[in-house]
Amino acid sequence: MKGLGAEVAKNLILAGVKGLTMLDHQQVSQEDTRAQFLIPVGSLGRNRAEASLERAQNLNPMVDVKADPESVENKPEEFFTQFDAICLTCCSRDVLVKIDQICHKNSIKFFTGDVFGYHGYMFANLGEHEFVEEKTKVTKVSPGVEDGPDTKKAKLDSSETTMVKKRVVFCQLKEALAVDWSSEKAKAALKRTTPDYFLLQVLLKFRTDKGRDPLPQSYAEDSKLLLQIRSDVLDSLGVSMDLLPDDFISYCFSEMAPVCAVVGGVLGQEVVKALSQRDPPHNNFFFFDGIKGNGIVECLGPK
């Protein structure tokens, strides 16, 4: 329940979901006051989920909002099966993979996202997802209505639409993060893949090694470690260091509130779409680059 978590919770509550549980075992820090707008002034030291409860509930009294101060790592599998969708932020790679596997096994929609400075991402695993899409109806022109060679061709009637049922299959997060870039097909796809995918791998490794994200107050130390992790991660993936120039370290410290708003908006939108089973979901990844001011949708992992 940091800045991105607050944005997602706000969007889902305003959308009118039946119920929402905010789970967070961490205490409110000074950094949380910069992007986490659900926490009132004077809440330093309180549990983040509990401190966010009153403002979250006031957004929409029709939604049953709860706060759980326990750690997600201590929750048994049965805890997650009570939900239709799970959305994780600020979790380690191991925790993300573990809970994604639980959700996949129990047909629960899984989402995760994070914001690192000017960069943000979201990932979705909807399993075997069925949805309906509105399509313009195709009609055939009756003979004699029009003259000419195109009389018998099917035409689109924009005044009539029909609902078409479709199905897509998503891969798990572990598979999406373990793409083999050594094949010729993957090398061709690499040219179209955003560098933010590899930046995510570096930052998740940093979080695993340090138990936290890069901090402005330890900029020099964390910058040196980020460069080392970049070399190790990109080398293990078999891709060039040129994908992440050295200056990437200048743009991935702390949470930026505007980036939280953009990524949180997309995350909330995709959760609502998945639960309502209306409209096609986008691909499994969304990356936002606040420096360029654009977002990119990617489909990475086994097809």
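Use the structure listed above.
Here the structure is a predicted model, which is why all the values come from computation and not from measurement.

Visitor: Just give me the short version of the environment of His25, but keep the residues and values in it.
Guide: Within the fold, His25 resides in the loop between strand 1 (19-23) and helix 2 (32-35). In this structure, the C-alpha to C-alpha distance between His25 and Val202, residues 177 residues apart in sequence, is 25 Å. Residues within four places of His25 in sequence aside, it is in contact with Asn47, Pro69, Glu70 and Ser71. Side-chain polar atoms of His25 contact the side chain of Gln26, separated by 3.5 Å.

Visitor: I'd love a proper account of the packing of aromatic side chains, names of residues and values included.
Guide: Counting across every chain of the model gives 11 aromatic pairs. Seen in terms of ring centroids, Phe123 and Phe285 are 5.0 Å apart; in terms of plane orientation they differ by 55°. Their pairing is tilted. Residue Phe123 is located in strand 5 (residues 119-125), and its partner Phe285 is located in strand 8 (residues 285-289); the two are separated by 162 residues in the primary sequence. The burial state of Phe123 is the same as that of Phe285; both residues are buried. Through pairs of rings, three or more aromatic residues link up here, namely Phe110, Phe123, Trp181, Tyr197, Phe198, Phe285 and Phe287. One Lys or Arg, Lys75, reaches over the ring of Phe79 and ends 4.4 Å from the middle of that ring.

Visitor: Outline helix 10 (residues 257-276), listing residues and values.
Guide: Between its first and last C-alpha atoms helix 10 spans 28 Å; for 20 residues at 1.5 Å apiece the expected length is 28 Å, and the two agree. A positive phi of about 55° marks Gln277, the residue just after helix 10.

Visitor: Which residues make up the sheet that holds strand 8, and what are the values?
Guide: The 5 strands lie next to each other as 3-4-5-8-9, forming an open sheet whose pairing is mixed. Strand pairing shows two members of the sheet lacking a second neighbour, strand 3 (85-89) and strand 9 (294-298), which therefore form its edges. Sheet twist, expressed as the mean angle between neighbouring strand axes with direction ignored, is 15°. With 7 bridges joining them, strand 4 (residues 109-116) and strand 5 adopt antiparallel strand pairing. What sits directly across from Phe116, in strand 5, is His119.

Reading guide: rules and limits
- Residues numbered from 1 in each chain as written.
- Predicted model: local features only at pLDDT ≥ 70, side-chain atom pairs only at ≥ 80, totals over all residues.
- Heavy atoms only, no water.
- Helix = DSSP H or I, 4+ residues; strand = E, 2+ residues; numbered from the N terminus.
- Contact = heavy atoms within 4.5 Å.
- Polar contact = N/O pair within 3.5 Å; in protein donor to acceptor, adjacent residues only side chain to side chain.
- Phe/Tyr/Trp six-rings, centres within 6.5 Å; stacked < 30°, edge-to-face > 60°.
- Buried < 20%, exposed > 50% of the residue type's maximum accessible area, 1.4 Å probe, protein only.
- Lys NZ or Arg CZ within 6 Å of the ring centre and 35° of its normal.
- Expected span 1.5 Å × (residues − 1).
- Pairing = 2+ DSSP bridges.
- Axes fitted to C-alpha atoms, helices over the stretch in contact; angles between N-to-C directions.

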